[in-house]
Amino acid sequence: MINVFNIEKFATHDGPGIRTTVFLKGCSLHCPWCANPESWSSKPTLLYDQRKCVSCKACVASCTQKAITFDQNWQWDSTQCLRCRACTQSCLTRALRFAGETMAVDDVVKEIMKDKEYFDNSNGGITVSGGEPFLQADALTELLKECKMQGLHTAVETTGNVPMSEIEKALPYIDLFLYDVKHLDVNKLLEVTGGRSEYIFNNLEMLAQRDPAKVIIRVPVIPGFNANHEVLCQIIDYAKKLNVPEVNLLPYHSLGKNKWEQMNRDYIYKDLKMMEKSELREYVEYGECQGVKVKLGG
Ligand code: SF4
Ligand code: SF4
């Protein structure tokens, strides 16, 4: 069984060709710009859409655990919740939904295989993302092994913030790593994201030593965090040092903002405007000089 919170079809930014991206629950980081904060908890997460709510309080009445309260504001106490889903069933306006469900690996594979023709025609395949996929290393391995048996190209998008032993389990079934590098300053990385350098950099260096062509470094470019010349050039230099041939710079976007609101969390970037790819053009040229292909976007 595997905990999934989304299966996105016809993805074109998560590796080569047309892909199906399977998003897994659970993350060991807490990046404040995260586009999928509902992935953080390994348990199903209740999302509340205020725009659809008519304040009927049927959800409050349906909850035997008193996990939902609605005095001034609607609130959910995840620690009291049994994930029985009585609340979502009682909400006639569909203001509530759970993100995350436990699926049989075979069922996920069946869903993926529906688009095999598109994968074959575009040199695409399957990408597993998250959250952090390696937090479910055993189930992930089973999924990827089955996909390889079906002749699919496989990619995993990872933070690298896990012990190498977890990555090793799935290693024979992974064709491509989309490996996040958010900063090279280990203190900043830990302070802002919770990322542990002894995992992130050691794992990346070990993967690059084995086969650098199987790694693409991905950098979410965040104003006030890493969106400056020195940091981005350092990351490109680091890719060169490791012989990793490609770096993807992902300009900041605010597509996760609604989800932060639906989880009653404060989104600190709410007033920040989205970045344009053109703001990062200089790094394509810098990469060319260094022999590293820098792509803007995934
Ligand atoms: S049941 Fe739905 S519409 Fe009614 S108060 Fe709860 S969330 Fe709002
Ligand atoms: S899933 Fe069940 S326990 Fe959790 S908030 Fe909804 S009704 Fe209450």
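Residues numbered from 1 in each chain as written. Chains lettered and ligands numbered in written order. Predicted model: local features only at pLDDT ≥ 70, side-chain atom pairs only at ≥ 80, totals over all residues. Heavy atoms only, no water.

Caption draft 1: A look at the pairing of strand S1 (residues 2-11). With three bridges joining them, S1 and strand S7 (residues 101-103) adopt antiparallel strand pairing. Directly across from valine 4, in S7, lies its bridge partner glutamate 101. As defined by bridge partners, S1 adjoins strand S2 (residues 19-24) across five bridges and the pair is classed as antiparallel. Note that in S2 the partner of valine 4 across the bridge is leucine 24. (Pairing = 2+ DSSP bridges. Helix = DSSP H or I, 4+ residues; strand = E, 2+ residues; numbered from the N terminus.)

Caption draft 2: Main features of the environment of serine 78. Following the sequence through the fold, serine 78 ends up in the loop between strand S5 (74-76) and helix H2 (86-90). The exposure class assigned to serine 78 is partly exposed, which follows from its relative accessible area of 32%. Along the primary structure serine 78 and arginine 51 are separated by 27 residues, whereas in three dimensions their C-alpha atoms are 21 Å apart. (Buried < 20%, exposed > 50% of the residue type's maximum accessible area, 1.4 Å probe, protein only.)

Caption draft 3: Geometry of the domain arrangement of the protein chain. When the domains of the protein chain are assigned, the result is domain 1 (2-41 + 104-296) and domain 2 (45-99). Each of domain 1 and domain 2 was reduced to a C-alpha centroid, and the two centroids are 32 Å apart. Across the boundary between the two partners, domain 1 contributes eight residues, which contact nine residues of domain 2. Both sides together, the interface formed by domain 1 and domain 2 hides about 750 Å², and carbon and sulfur atoms give 46% of it. Of all residues in domain 1, Glu38, Gln262 and Asn264 give up the largest surface area on contact with domain 2, accounting jointly for 60% of the area buried on that side. Summed over the shared surface of domain 1 and domain 2, the number is zero salt bridges. Viewed at the interface, domain 2 and domain 1 are joined by three residue pairs in polar contact (both at pLDDT 80 or more). Grouping the constituent residues of the side of domain 1 that touches domain 2 by class yields two nonpolar, four polar and two charged. (Domains from an automatic or database assignment. Contact = heavy atoms within 4.5 Å. Buried area = accessible area lost by both parts, 1.4 Å probe. Salt bridge = Lys/Arg side-chain N within 4 Å of Asp/Glu carboxyl O. Polar contact = N/O pair within 3.5 Å; in protein donor to acceptor, adjacent residues only side chain to side chain. Nonpolar A, V, L, I, M, F, W, Y, C, P; charged D, E, K, R; others polar.)

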